[in-house]
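Residue-level structure breakdown
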Amino acid sequence: MAANLSEAAGNQPDTGATIFIGITGTRGAGKSQVGNILRSKDVPVIDADGIGHEFLNGPNEVYYAVLERFGADLVDVEGGPINREKLGAIVFSDDQALCDLEALIHEPIFKLIEKRMAEQAGKPVVAVELPLLHEKGRRAQFDVVWCVVADEAVLIPRLMSRDGVSEQEARALMAKHATQEEKAAKSDVVIDNSGTAEELEAKVLELLAALTAPAEADAEPDAEVEPEAEPEAETDPVVDGESDTETPAEGDAASEDDSEEDSAEAHYQKRLRQFAEMSTEAVLDKMGKVATTGHKSARATTRMNVSSCEGDCSDGEHDQERELEVTVSMAVRNARVGGGCRKPVPPTPEPQPGPNPDPRPGPNPNPNPQPKPGAEDGKKGFDRTTLIVAAAAVMIAFFALLAFLYAMNSPRVTVTTPANPVVVVQQPVCPVDCDKPVKQVDPPVFRLEPPAHDTTVTVVPGLQCQPGVFRELTEEPGYAFRAIHNAVRPRISKYYERYGEGCKGLLLVGRDANKRLVIHQYYDANKWLEYGLVFEYFPNRTIQVDRFDGRDNIFTGRTVYLVDQNDRIVGASVYDGMRRLVLETTITVSASGEPLSVSITSYDANTRVAIGINSITEASKAVTYLNTNLLGYDLRSSLQVR
C-alpha cells in the first residue's frame, strides 16, 4: 500500500486563519488514532461518528425518524439508546435500508459538524473525522484533507478484531464504500498506518508542524523587505467600506470603483456556481438509485466565508468577506396514474345568455339559494339514470348469456367402451381463487350403470400442465411480485417455473445475465411463498445465500460460501435469523469439487465463542451434513463466481 499511495503533502492552506483538516479513510484504517494524537496536542477534533451516536442515544427528531423507519424494537426501553448492532445488521444486507438510514441521519450530522466548526473558528487548527468526506461531496469545507490508509493484510485482521466479524463480513463492509485508492487520490495528504502506533504519531506530528509553521513565521517581525512590484492589472482590490480614502489608481477613481465592484460581483457569482455544483453532486450521491424507489428526497448545503480579494490581501485594506450559502434539494415521488383517491371537481358552468338577458342586478333575499331542478334539468337527470340502469342490465344479461353458453358448450368427448366404463378427471393447475385457501374435496366419480345397448360415458379434459418440466417465462409472474425484494429484482434476467406433482405447488427460479442463480423459491398450491433463497455474488469470491420464509417473507438465516479459483466451495459460515454466527465449516474437496471431508466449528450465538469442533471424514456423510445445514448447498453446481 505504501508503494502505491504517496505520503507527501499536497496543497497547503493559506495561513492567517483557522486551518480546518478533514480526516477520512476506510473502516479500520486508523482515523480515530490520528484524531486522538491531535487531541493530545490540544487540537479540537470533531468526530462525525460520535455525532451520529449522539443522535441515536436519546430522543430527538432523528432518533424518532429512525425508529419509525426501522421499528421500535431497536430500543430496549422507551427513550433508551438505539441498539446500533441491530440497526447495523438490518442495513448491512439491504442496500435500500442503508440508503434510507443515510437519508435520515447524514444531513443532520453535517449540519451539526458545520455548527461546531463555526464555534471553533479562531483556533489555529481544527480537525474533523469524516469517513465519507469524499463520497458526500464535503471536500470544499476543508483547507486540507488527510486520508489514512493501511495495507490490506493489516486492515482485515484489525477490522475482524475490532468489530467481531468474520473475514467475509469485513471485506463486505469495506466494499460498501469507495476504495482506499479512490479516497487517497482525492486527498491532499496520505498517511500510511500499516506500522506501529509510534510511527503513526511521528507522521501526524510532522504534518501538524508543517501546517502551523508558516503561521508562526508570519507572526515574527520581518527583516528588511524590498518593495514589491506594482500589482498586476488583473488584481482588483475592493474599497474598504469604513475608509474615507480611495485606493490610488490611474485614471478616474469612480470608474475604478465600478470596475472593482464588477470584479467582486463576478468573483462571488463564480463561487456560488461552484458551491451549487458541489451541493448538486452531494445530493445526487445521497439520492442513489431513483429508478426503483417510490419516494426519496435529499438536500445538501454548502456554506463558506469567501473573501472578495483573490490577489494579495495581506494588508486587509481592500478585503471584504461575505458568507455564501447554497442549498440544493431534490425529490423523487411516484406520480398518480389514473384513478386516484380524489374525485374530480366539475368546472362551474358559465352562465349562457338567454333570449332576453337582463343585466340589471336585483335584490337577493336568499344569500345561499339551493338550486331547484327545472323541467329541463329533471329530464337530463332522468335520461342519465335510465342510461346507467340500462347499461347495467345489458352487462348482466351479457355475462349471464356467456355463462349459459359456456355450460352448454363445454368440450366433451364421447367414448365408446365395453361393459366397464372408465372416468378420467384432472384437477386444474390452480383453484379459482388463488389468494384464498380452498377446501380440498375428493374428485367426482361418475358411476354409470347404463342399459346394455348404451355404452357411452363423458370424459372431462383437464387444463394443460406438465409437472416436473421447467418453462421459461417472458416476464416476472404476478404471484412472485410480493416475494421478490426491489433490490433483487433488477438482477434477474430470466424466470423459469416448474409445477409439482399433480400440478400442485411450483418452483420459481430467477437467473442473472450470466445464468447464475439469483432466486430459488417454492410456492404452495395457492401460490403463496413457502420459502425462498436469494443468492448474491461478491468480487472477493464469496457467495451469500439468504433464506426467507412464509407469506410475510421473513428473513430466517444466511450462509456465506468461500469459493476458490476453480469455482469449488471450500468453506462456509452460517448465521441465524438475527445474523449471528453459529457455524463455520472448512471443506476438503476433490479435483471435481466433490466434498471429501468437512471440519465444523460451532459458536455460541450470543457470545460468538467457539463451543465445539467436529469433523466428518466419510464423503457421503459429509455431503449429507452440508446439504442439511448449509443453505443452497445442494444447488452448488449452479453457483459460480464470474
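Structure's up top.
This report concerns the structure included in the present document. (Residues numbered from 1 in each chain as written. Predicted model: local features only at pLDDT ≥ 70, side-chain atom pairs only at ≥ 80, totals over all residues. Heavy atoms only, no water.)

What follows concerns a nonpolar patch on the surface. Where nonpolar side chains cluster on the molecular surface, the patch consists of M395, F398, F399 and L402 and spans about 410 Å² of accessible area. Among the secondary structure elements, F399 is positioned in helix α11 (residues 375–408). With a relative accessible area of 52%, F399 lands in the exposed category. (Patch = residues over 30% accessible without salt bridge, like charges linked within 9 Å, V, L, I, M, F, W, Y side chains within 5 Å. Areas by Shrake-Rupley, 256 points an atom, 1.4 Å probe, with all protein chains shown as cover. Salt bridge = Lys/Arg side-chain N within 4 Å of Asp/Glu carboxyl O. Helix = DSSP H or I, 4+ residues; strand = E, 2+ residues; numbered from the N terminus. Buried < 20%, exposed > 50% of the residue type's maximum accessible area, 1.4 Å probe, protein only.)

Relative to the assigned elements, S573 resides in strand β17 (residues 569–575). Once residues within four sequence positions are removed from consideration, S573 is found in contact with Q168, R558, T559, V560, L581, L583 and E584. (Contact = heavy atoms within 4.5 Å.)

Attention now goes to the sheet that holds strand β3 (residues 125–129). Spatial strand order, β2-β3-β1-β4-β5: five strands in an open sheet with parallel pairing. In this open sheet, the two edge strands, each paired with only one partner strand, are β2 (45–47) and β5 (189–192). Taking the axes of each pair of neighbouring strands and ignoring which way they run, one obtains an average angle of 25° across the sheet. In this structure, β2 lies alongside β3, joined through three bridges in parallel fashion. Paired with V45 across the bridge in β3 is A127. Lying on the sheet, helix α2 (residues 48–57) is in contact with β2 and β3; it crosses β2 at an angle near 50°. (Pairing = 2+ DSSP bridges. Axes fitted to C-alpha atoms, helices over the stretch in contact; angles between N-to-C directions.)

The next subject is empty space enclosed by the protein. Enumeration over the complete set of coordinates arrives at three cavities of 30 Å³ or more. Of the pockets and cavities examined, the largest cavity occupies roughly 60 Å³. Taken together, K136, G137, R138, R139, A140, Q141, S279, A282, A300, T301 and T302 form the lining of the largest cavity. Counting residues per element, the ones that place at least two in the lining of the largest cavity are α10 (253–287) and β6 (295–307). Partitioning the lining of the largest cavity into residue classes produces three nonpolar, five polar and three charged. (1 Å grid on protein atoms, 1.4 Å probe; cavity = no way out; pocket = protein on both sides within 12 Å on 5 of 7 lines; lining within 4 Å. Points joined across faces, edges and corners; volume = space filled by probe spheres on them. Nonpolar A, V, L, I, M, F, W, Y, C, P; charged D, E, K, R; others polar.)

On to helix α12 (residues 619–629). Along α12, the residues that are buried comprise A622, V623, Y625 and L626. Buried residues of α12, seen end-on, are gathered within an arc of 165° and therefore sit on one face of the element. The exposed residues of α12 that point more than 90 degrees off its buried face are K621, T624 and T628. The inward-facing, buried residues of α12 contact β18 (581–589), β19 (595–603) and β20 (610–616). (Arc of directions from axis to C-beta.)

Across all of its chains, the model carries six aromatic pairs by this definition. Aromatic pair Y479 and Y523: ring centres 4.9 Å apart, planes at 75°, arrangement edge-to-face. Of this pair, Y479 sits in the loop between β10 (471–473) and β11 (494–499) while Y523 sits in strand β13 (residues 517–523); the two residues are 44 residues apart in sequence, bridging distant segments of the chain. A residue is classified by how much of its surface remains accessible, and Y479, at 11% relative accessible area, is buried. By relative accessible area, Y523 is classed as buried at 2%. Judged by centre distance (5.7 Å) and plane angle (65°), the ring pair of F548 and F555 falls under edge-to-face. When the ring centre of F70 is taken as reference, the NZ or CZ atom of R69 above it lies at 4.5 Å. Sitting over the ring of F110, R138 keeps its end group 3.9 Å from the ring centre. (Phe/Tyr/Trp six-rings, centres within 6.5 Å; stacked < 30°, edge-to-face > 60°. Lys NZ or Arg CZ within 6 Å of the ring centre and 35° of its normal.)

Moving on to the packing of helix α4 (residues 84–92) against helix α5 (residues 95–120). It is at 6 Å that the axes of α4 and α5 come closest, and there the two elements cross at 125°. Here α4 is positioned oblique relative to α5, judged by the angle of their axes. Across the interface between the two elements, L87, I90 and V91 of α4 pack against A97, L98 and L101 of α5. Classifying every residue of the contact of α4 with α5 gives six nonpolar, no polar and no charged. (Parallel < 35°, antiparallel > 145°, perpendicular 65-115°, else oblique.)

One non-glycine residue, K515, lies in the positive phi region at around 65°. Structurally, K515 is set in the loop between β12 (506–511) and β13. Although it is not a glycine, R579 adopts a positive phi angle of roughly 60°. Residue position: R579 is located in the loop between β17 and β18.

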